[in-house]
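Overview (structure and organization)
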Amino acid sequence: QVQLVECGGGLVQAGGSLRLSCAASGRTFSSYAMGWFRQAPEKEREFVAAISYSGGTTYYAESVKGRFTISRDNAKNTVYLQMNSLKPEDTAVYYCTMARTGAAAGTRNAYNYWGQGTQVTVSS
């Protein structure tokens, strides 16, 4: 069974930074694209970022481009989301996701496995 466990959420002031981590188990991590989504209260789930299995290709939502960086360390079975210049509108529960077998990172509906989420709160 695939398990994804997020760490690193918390409370930060606007303009600050956080780094989220997601540790994966149950699959050959290096074979799968990984992504981050978020969901704010009363809003729909939103794509944030994704990364190919090798780490060579990344995708970002326009709202976070230039501020967030997704990366992965396949030796550690871990994907990261470095979040800089945080804004109050970044406040949400952030979810680590893993794509289904054979799916490319840019396929937005291909993420079948989800972590439990970690809360990120950005104060103004």
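Rules used in this analysis
Residues numbered from 1 in each chain as written. Predicted model: local features only at pLDDT ≥ 70, side-chain atom pairs only at ≥ 80, totals over all residues. Heavy atoms only, no water. Disulfide = S-S within 2.5 Å. Helix = DSSP H or I, 4+ residues; strand = E, 2+ residues; numbered from the N terminus. Buried < 20%, exposed > 50% of the residue type's maximum accessible area, 1.4 Å probe, protein only. Pairing = 2+ DSSP bridges. Axes fitted to C-alpha atoms, helices over the stretch in contact; angles between N-to-C directions. Salt bridge = Lys/Arg side-chain N within 4 Å of Asp/Glu carboxyl O. Core = buried A, V, L, I, M, F, W, Y, C linked by side-chain atoms within 4.5 Å. Polar contact = N/O pair within 3.5 Å; in protein donor to acceptor, adjacent residues only side chain to side chain.

Further remarks concern the state of the cysteines. For the structure on display, the rule yields one disulfide. Covalent S-S linkage joins Cys-22 and Cys-96, the inter-sulfur distance amounting to 1.9 Å. Across the disulfide from Cys-22 to Cys-96, rotation about the S-S bond amounts to roughly -75°, and the bridge is consequently left-handed. Separated by 74 residues along the polypeptide, Cys-22 in strand S3 (residues 18-25) and Cys-96 in strand S9 (residues 92-99) bring together distant segments of the chain. You'll find Cys-22 and Cys-96 in the same group, each marked buried.

With antiparallel pairing, four strands are arranged side by side in an open sheet as S1-S3-S8-S7. Edge positions in the sheet fall to strand S1 (3-7) and strand S7 (68-73), since each of these pairs with one other strand and no more. Across the sheet, the mean angle from the axis of one strand to that of its neighbour is 15°, orientation sign disregarded.

On to the pattern of salt bridges, then. Across all of its chains, the model carries four salt bridges by this definition. Between Glu-46 and Arg-38 there is a salt bridge whose closest N-O contact spans 2.8 Å. Owing to a relative accessible area of 30%, Glu-46 belongs among the partly exposed residues under this scheme. Put simply, Lys-65 and Glu-62 hold a salt bridge, and the shortest N to O gap is 3.5 Å. Given a relative accessible area of 49%, Lys-65 falls into the partly exposed group.

Counting 39 residues, the largest nonpolar core has Met-34, Trp-36, Val-79, Leu-81, Met-83 and Tyr-94 as its most contacted members. Only S3, strand S4 (34-39), strand S5 (46-51), S7, strand S8 (78-83), S9 and strand S11 (118-123) provide two or more residues apiece to this core.

Mapped onto the secondary structure, Arg-72 falls in strand S7. Sequence separation between Arg-72 and Met-34 is 38 residues; the distance between their C-alpha atoms is 8.5 Å. Separated by 2.8 Å, the side chains of Arg-72 and Asn-74 make a polar contact.

Moving on: the pairing of S7. Of the two faces of S7, only the one carrying Phe-68, Ile-70 and Arg-72 is buried; Thr-69, Ser-71 and Asp-73 on the other face are not. Summarising the sheet, S7 and S8 pair through six bridges and their orientation is antiparallel. Bridging across to S8, Phe-68 finds its partner in Met-83. Counting the residues between successive antiparallel strands, the hairpin from S7 to S8 contains four residues, one of them, Asn-77, with a positive phi of roughly 55°.

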